[in-house]
Amino acid sequence: MGMDEIITEMWNRVRVSEDGNYVRSSDVCNVINRIRVEECRSIFNAAQWLAYKPVKELISSIGGECVIKSGTGRASATWINKFLAIEMLMSGGGAKAKMWVYNNSDMLSKIK
C-alpha cells in the first residue's frame, strides 16, 4: 500500500465532532506521525506547533477561541477547527501530506 492510500485510510478514521465543525487533534497527529515514521523523521509535537507565531496568527484569523476546544479530565479530547486540522496535516506531514491534500481537496471539503 502506498503512502497516499495509507493517508486516505487514516484520514477516514479521523473523528469529527457531533456538530461537524471540529476534528480530534490526536487523530490528525496519528496521520502526521505515520508519514513522519515512514520518512524517518521525529514525532510531531502538536503543542509546539500550536505555539508558533504563524499558527497563533492563523488561529486568530480563523476565530480565536472557537478554533480549539479542550475538555477537562484525564480522558478528555482536544478538538480543532477543520481548517486548522488541514493546516496541521500539511505542516507536520511535509510534502507528501501537501500533495495528498491537493489531490483530495474534494473529499476534505465534504467533512461532516
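Residues numbered from 1 in each chain as written. Predicted model: local features only at pLDDT ≥ 70, side-chain atom pairs only at ≥ 80, totals over all residues. Heavy atoms only, no water.

1. Observations concerning the sheet that holds strand S1 (residues 22–24)
Okay, step 1: Pairing in this open sheet of 3 strands is antiparallel, and the strands run S1-S3-S2 from one edge to the other. What marks the edges here is a single partner per strand, and that holds for S1 and strand S2 (68–70). Taking each pair of neighbouring strands and ignoring which way they run, the sheet shows an average axis angle of 25°.
Okay, step 2: Judged from the 3 bridges that link them, S2 and strand S3 (residues 78–81) form a sheet pairing that is antiparallel. Counterpart to isoleucine 68 in the pairing with S3 is isoleucine 80.
Okay, step 3: Each of S1 and S3 touches helix H2 (residues 25–38); the most contacted strand, S1, lies at about 60° to it.
Okay, step 4: Each of S1, S2 and S3 is contacted by helix H5 (residues 82–103), which is oriented at about 95° to S3, the strand it contacts most. (Pairing = 2+ DSSP bridges. Helix = DSSP H or I, 4+ residues; strand = E, 2+ residues; numbered from the N terminus. Axes fitted to C-alpha atoms, helices over the stretch in contact; angles between N-to-C directions. Contact = heavy atoms within 4.5 Å.)

2. With respect to the confidence of the model for the protein
Okay, step 1: Across the protein, the average pLDDT comes to 88, with 93% of residues at 70 or higher.
Okay, step 2: Of all secondary-structure elements in the protein, the lowest mean pLDDT belongs to helix H6 (residues 105–108), at 71, while H2 reaches the highest, 95. (pLDDT = per-residue confidence, 0-100.)

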